[in-house]
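Structural overview
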Amino acid sequence: MSLLHQKHAPAGEDHRPAASPSWTPARLRDLGLGIRFAAAGGREGWIRTLLTAAGVGLGVALLLVASSVPHMLDQRDGRERARTETRQSDSPDASAARSDSTVLRIDAGTEYRGRSIAGFLMRPDGAHPVTPPGVAGFPGPDEMVVSPALKELLDSSEGNLLRERLPYRITGTITDAGLVSPNELRFYAGSGTLTPATGGHRLAAYGDNGPPEPLSPLLIVLIVIISVVLLVPVAIFIATAVRFGGDRRDHRLAALRLVGADIRTTRWIAAGEALFGAVVGMLIGLALFLLGRRFAGAFVVWDVSAFPSDLVPAAWPAGLVAVAVPVSAVLVTLAAMRSVVVEPLGVVRNNRSRRRRLWWRLPLPVAGLAVFALTGKVDETTPVDPYPIAAGAVLVLVGLALLLPWLVEACVNRLRGGPVPWQLATRRLQLNSGAASRAVSGVTVAVAGAVALQMLFAAMNDDFNRITGQDPTRAQFYTSSEHVTGDAAARTIKEFRATKGVDKVIGTVEAYVTRPGKYAKDEMQPTTSLTVGDCATLREIARIDSCRDGDTFVVHPRDKKMADWVDKTARKGKEVELSSYTDQQNGVKPTRWTLPADTRTVLTRRDPLGKENWGIMATTGAVDASTLPGATTVAQIRIDKHVEDAAEYVWNTAARLDPGMRVVTLTSVARDRQYASIQTGLQAGATATLILIAASMLVSQLEQLRERKRLLSVLVAFGTRRVTLGWSVLWQTAVPVAVGLTAAVAGGLGLGATLTWMIAKRVSDWWLFLPMVGAGAALILLVTLVSLPPLWRMMRPDGLRTE
Amino acid sequence: MTPAGSLLTAHDLHKSYGSTPALDGASFSIHPGEVVAVMGPSGSGKSTLLHCLAGIVTPDRGTITYAGRELSTMSDAERSALRRTEFGFVFQFGQLVPELTCVENVALPLRLSGARRKDAERTALTWMERLEVDDLGAKRPAEVSGGQGQRVAVARALASSPKVIFADEPTGALDSLNGERVLELLTEAARSANVAVVLVTHEARVAAYSDRDVTVRDGRARDLEHAV
């Protein structure tokens, strides 16, 4: 007899609980059930869990990297300060007193194919010289210790020209303690000839004991906004990821409704599944972070890299991630399930009666703007509290993300008619624009933030980008040396002229001349400069019409007072004294030279460095440059840009002539170092965020296509062309993106204008959003193109098979 | 060899999915205006036969001729065009496009063939009236019952004035009352418009609406009247 034939239920214990459990245990039970379904739900359950976990994992890994940034910066700054010379006094030029441990040092830094190489020539004063951090032994003469990255470069074929410039024998490697980042190029070379007279500066210890350089309040505003702009899309991405695969899950929940689960229970079970995915995602994120950390040194993004030991997440942001991610997984799922009616026989999604409301979305961005208004203007000197600024930016950007679904719905509901692909796309969006809005919200926030940042950057540009006055069209390099003088001076200019790729050299030898006579202690001895060069050279630095070898000139500055001061020394037909500072100190009798009476007076001309030279100028036939005491040899060099590595040949010549020679690459605009590093950081962060957004959009797109696999097959069955469906997918992506980008531009311009007002600047360019919009649109096009092959695959008739 | 006057003929069809044979020498033919029930147990290959006949799936071997044209020699685009203009489809779950209204769903095949929206929707409404669902025009598929949805699907299949309708278990998801009404309307409308119907089903009662039965077993079709 089967159970069906029994009149009564079989006797036995009644397992039904006497009363329903109270709220908390019931919800915990539902969450637990959801976790069990996710963990033991078979292939489908695991695919969903892994989709969520992969998305959350990527986001968490990025958040962990972001939360490691403060520690990384501290560590980098600490190492930088540790290797800086300990100052003897407030004057940076003050030398230490000679001792057994002191060292003579001269900066020998260089550039190689656009990369900076820091380096020093060093000579010990005694038997126990101090060594910089990360250097085990003091390099002997013609030896050097190098950073691993520099060693690698020198060992490679790419470093051939550099080896010529740094011909020292490598005897050791600088360890991590002596380097700011793993990709840093740095060396310390030993010298047997360096003296104070040849430019050596004496130091006694390493370690910067001065106060750290404070950040400008304007830069703090910039950093806060960048952090918010980069991290809000990541948070949105995580919120999107916990909803991956939601459609399939909802169909399974319908089966639970059939066996008696109520609506609230199904929502919490769904939340439990999302919670499991989020927790697995956090573990994946942690694993990705730890794995990525091991290879951190190998990643160089926009010239930024870090040692693995630098990447340590700060405790409170890491803790916040650990709590916020699972909690938001539960909350987002509960909120999402409110728009889904799970019935015992199926799922109704987004029943039409629930229209999106504006009233609760609008206060958020308005509150953000209010926070900015209350914070008021920020000036360059008053310390700034970053928290209100961060809160305001978060409110505006998150508010924008919340406004987007309403805006997309409001726009698509007005769309009518059009060809079949357009109709399919707009109708789909009218039925359910939530998934599309979610996918686009990341781009919207990123673009809005980027527009605001660009406006800020543009407004601050003048403060942090200095017009140098240099003219790189006349010369690309400026070199000066106080040590290649005498006969060597002429040779130096000659050698630069003979260097491969050098087009033109403005070579001069400069010294100071004084008016002879006795002067009281408080009286200023009239002094001016004496510049010696050939006629072509002198024409580059003074307004000289005619010139023959043997000619001399008195060159006046534009300022009348200064011109009078020049004339006090440069008296035509009278003598001037030639002596160096050292000679004067040592009581060496100065030599005298008479300025010819027929000397012409001319006006100065700005040289390529942007400097105006005045005083006495003499051709090589009038003054023998090799006899000038305390002279400086200056060469301003123009290279032929068509000659490959011409710049490297110039650097090599400079290093060969004088390793301590000052070489300046001329540029018309000089960026503030901190400002430049912030811009670099933004570029690095934006790259990571855009990759994340693209991944998010692709997953959402593929998921939507997978959900519609059977329908796509049916459409193909009755003869729908592939191109029709392709266009439909494109429109389906493009319409919300167009709305999103419009919102992003409006929001970004609003935020940018507010922030610009806060820093008391004016908006310099309202059209800065165009490249951002272009980047956003390109991202969408890329995602659509990448999703087309899966679309073609899903349009195969296999989708019609049910057995 | 094609039976005299037949519109669509298949001969010795073979089709496998991986190592699983779905059709193993199946043959079939249908005349204009004829309603043929393709019957057989689950997994016997009847849906595969329907997909092959409609040019959705290409058989591994065998020939299919429609109105004197060999389907296997047609390109994918030509077969798509054929399905758009000459064939209509009804599936078990209607498979209406959920975001379109019922009238837009019915008008869809016409619009895909290039008809203007208003003309297409006017024709669609005529067919919906015939199928007794003209009051559902503005509703979306999610807002109508299963039986109503199937009638909309039948109207969609007929709207483009096809020569053949392929119906794969069209009443499989309906209760008997609704199922019978859908079959009644489908076959009546088809006969009056001289449209042939290939009706795949595993229910014997459905066969009552057909002019002829074809049984598929283990991938072989036993076409009782037109065996070739």
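Rules used in this analysis
Residues numbered from 1 in each chain as written. Chains lettered and ligands numbered in written order. Predicted model: local features only at pLDDT ≥ 70, side-chain atom pairs only at ≥ 80, totals over all residues. Helix = DSSP H or I, 4+ residues; strand = E, 2+ residues; numbered from the N terminus. Buried ≥ 20, exposed ≤ 12 C-beta atoms within 10 Å, placed from the backbone. Contact = placed C-beta atoms within 7 Å. Expected span 1.5 Å × (residues − 1). Arc of directions from axis to C-beta. Nonpolar A, V, L, I, M, F, W, Y, C, P; charged D, E, K, R; others polar. Core = buried A, V, L, I, M, F, W, Y, C linked by C-beta atoms within 7 Å. Domains from an automatic or database assignment. pLDDT = per-residue confidence, 0-100. Pairing = 2+ DSSP bridges. Axes fitted to C-alpha atoms, helices over the stretch in contact; angles between N-to-C directions. Parallel < 35°, antiparallel > 145°, perpendicular 65-115°, else oblique. Left-handed = near helix turned anticlockwise from the far one by under 90°.

**Remarks on the overall build of chain A**
Counting its secondary structure elements, chain A contains 21 helices and 21 strands. Out of the 803 residues belonging to chain A, those deemed buried represent 42%. Long-range contacts, defined here as pairs at least 24 residues apart, represent 84% of the contacts in chain A between residues at least 6 apart.

**A few points about the overall build of chain B**
When you go through chain B residue by residue, the secondary structure sums to six helices and ten strands. Burial analysis of chain B (228 residues in total) assigns 53% to the buried set. For chain B, long-range pairs separated by at least 24 residues make up 72% of all intrachain contacts whose partners lie at least 6 apart in sequence.

**Here we look at helix H13 (residues 487-498) of chain A**
Structurally, the α-helix is built with 3.6 residues per turn, so residues lying three or four positions apart point the same way. All names here are of chain A. For H13, with twelve residues, the first-to-last C-alpha span of 17 Å sits near the 16 Å given by 1.5 Å per residue. Those residues of H13 lying buried are Ala489, Thr492, Ile493 and Phe496. Burial along H13 is one-sided: seen end-on, the buried residues are contained in an arc of 90 degrees. Within H13, the exposed residues directed more than 90 degrees away from the buried face are Asp487, Lys494 and Ala498. On the buried face of H13, the contacting elements are strand S12 (502-514), strand S19 (632-639) and helix H17 (646-657).

**Details of the interface of chain A and chain B**
Contacts between the two partners involve 20 residues from chain A, matched on the other side by 23 residues from chain B. With six residues, the single largest contributor to the side of chain A that touches chain B is helix H11 (residues 420-431) of chain A. Considered class by class, the residues forming the side of chain A that touches chain B number ten nonpolar, five polar and five charged.

**Topic: the nonpolar core**
In terms of nonpolar packing, the biggest core is built from 204 residues, with Ile225 of chain A together with Val38, Leu49, Leu53, Ala155 and Val198 of chain B touching the most fellow members. Here this core spans two domains, since at least three of its residues come from each of domain 1 (20-84 + 217-309 + 316-354) and domain 3 (403-466 + 675-803) of chain A. With residues up to four places along the chain from it excluded, the contact list for Ile225 of chain A reads Ala393, Ala452, Leu453, Leu456 and Leu755 of chain A.

**Details of the confidence of the model for chain B**
Residues and elements named next belong to chain B. Per-residue pLDDT for chain B averages 85, and the proportion of residues at 70 or more is 95%. The least confident element of chain B is strand S10 (residues 220-223), whose mean pLDDT is 70; the most confident is strand S4 (residues 61-66), at 92. Scoring the predicted complex yields pTM 0.65 and, for the interface, ipTM 0.74.

**What to know about the environment of Trp792 of chain A**
Following the sequence through the fold, Trp792 of chain A ends up in helix H21 (residues 769-794). Distance in space between the C-alpha atoms of Trp792 of chain A and Arg722 of chain A is 7.2 Å, their sequence separation being 70 residues.

**Description of the sheet that holds strand S1 (residues 8-17) of chain B**
All names here are of chain B. With antiparallel pairing, four strands are arranged side by side in an open sheet as S2-S1-S4-S5. Each edge of the sheet is formed by a strand with only one pairing partner; in this case those strands are strand S2 (20-30) and strand S5 (69-70). Strand direction decides the pairing type here: S1 and S2, joined by eight bridges, are antiparallel. Residue pairing across strands places Ser16 opposite Pro21, the latter belonging to S2.

**Structural notes on the environment of Ala96 of chain A**
Residue and element names in this part refer to chain A. Mapped onto the elements of the fold, Ala96 is located in the loop between helix H2 (42-82) and strand S1 (103-107). A count of 19 C-beta atoms within 10 Å places Ala96 in the partly exposed class. Once the C-alpha coordinates of Ala96 and His201 are considered, the two residues, 105 residues apart in sequence, prove to be 8.4 Å apart.

**What about helix H4 (residues 117-130) of chain B?**
All names here are of chain B. End to end, H4 covers 20 Å across 14 residues, agreeing with the expected 20 Å (1.5 Å per residue, within 8%). Buried-residue contacts for H4 involve helix H3 (102-112) and helix H5 (146-159). In the segment just after H4, Glu132 is the residue with positive phi, at about 65 degrees.

**Thoughts on the pairing of strand S18 (residues 615-618) of chain A**
Looking at chain direction, strand S13 (residues 527-532) of chain A and S18 of chain A are connected through three bridges and run parallel. Across the sheet, residue Leu530 of chain A finds its bridge partner in S18 of chain A, namely Ile616 of chain A.

**Brief notes about unusual backbone geometry**
Residue and element names in this part refer to chain B. Positioned with a positive phi, Glu132 is a non-glycine residue whose angle comes to about 65 degrees. Checked against the element boundaries, Glu132 lands in the loop between H4 and H5. Residue Glu132 is classed as partly exposed on the basis of its C-beta count, with 13 C-beta atoms lying within 10 Å. A positive phi angle, near 50 degrees, is found at Glu169, a position not held by glycine.

**Regarding the packing of helix H10 (residues 386-412) of chain A against helix H20 (residues 722-758) of chain A**
All names here are of chain A. It is the contact of H10 with H20, at a shortest axis distance of 9 Å, that shows an interaxial angle of 140 degrees. When the axes of H10 and H20 are compared, the pair comes out oblique. Note that H10 runs across H20; the crossing there is right-handed. Here H10 contributes Val396, Leu400, Leu403, Leu404, Leu407, Val408, Cys411 and Val412 to the contact with H20, which in turn contributes Val735, Pro736, Val739, Gly740, Ala743, Gly747 and Leu751. The residue makeup of the contact of H10 with H20, split by class, is 13 nonpolar, two polar and no charged.

**A few points about the packing of H3 of chain B against H5 of chain B**
All names here are of chain B. Packing of H3 against H5 brings their axes to within 7 Å, and their N-to-C directions diverge by 25 degrees. As the angle between them shows, H3 and H5 are arranged roughly parallel. The element H3 and its partner H5 pack so that their crossing is right-handed. Of H5, the residues touching H3 (which contributes Cys102, Asn105, Val106, Ala107, Leu108, Pro109 and Leu110) are Val152, Ala155, Arg156 and Ala159. A class-by-class count of the residues in the contact of H3 with H5 yields nine nonpolar, one polar and one charged.

**Here we look at the confidence of the model for chain A**
Averaged over chain A, the pLDDT score is 82; the fraction of residues at 70 or greater is 86%. Considering only residues more than four positions removed or in separate chains, one finds that residues 1-7 of chain A, a stretch of pLDDT under 50, has zero contacts.

**Regarding the environment of Arg539 of chain A**
Residues and elements named next belong to chain A. Along the chain, Arg539 turns up in helix H14 (residues 535-541). You can call Arg539 partly exposed: it has 17 C-beta atoms within 10 Å. Sequence spacing of Arg539 and Thr604 is 65 residues, and the spatial spacing of their C-alpha atoms is 9.6 Å.

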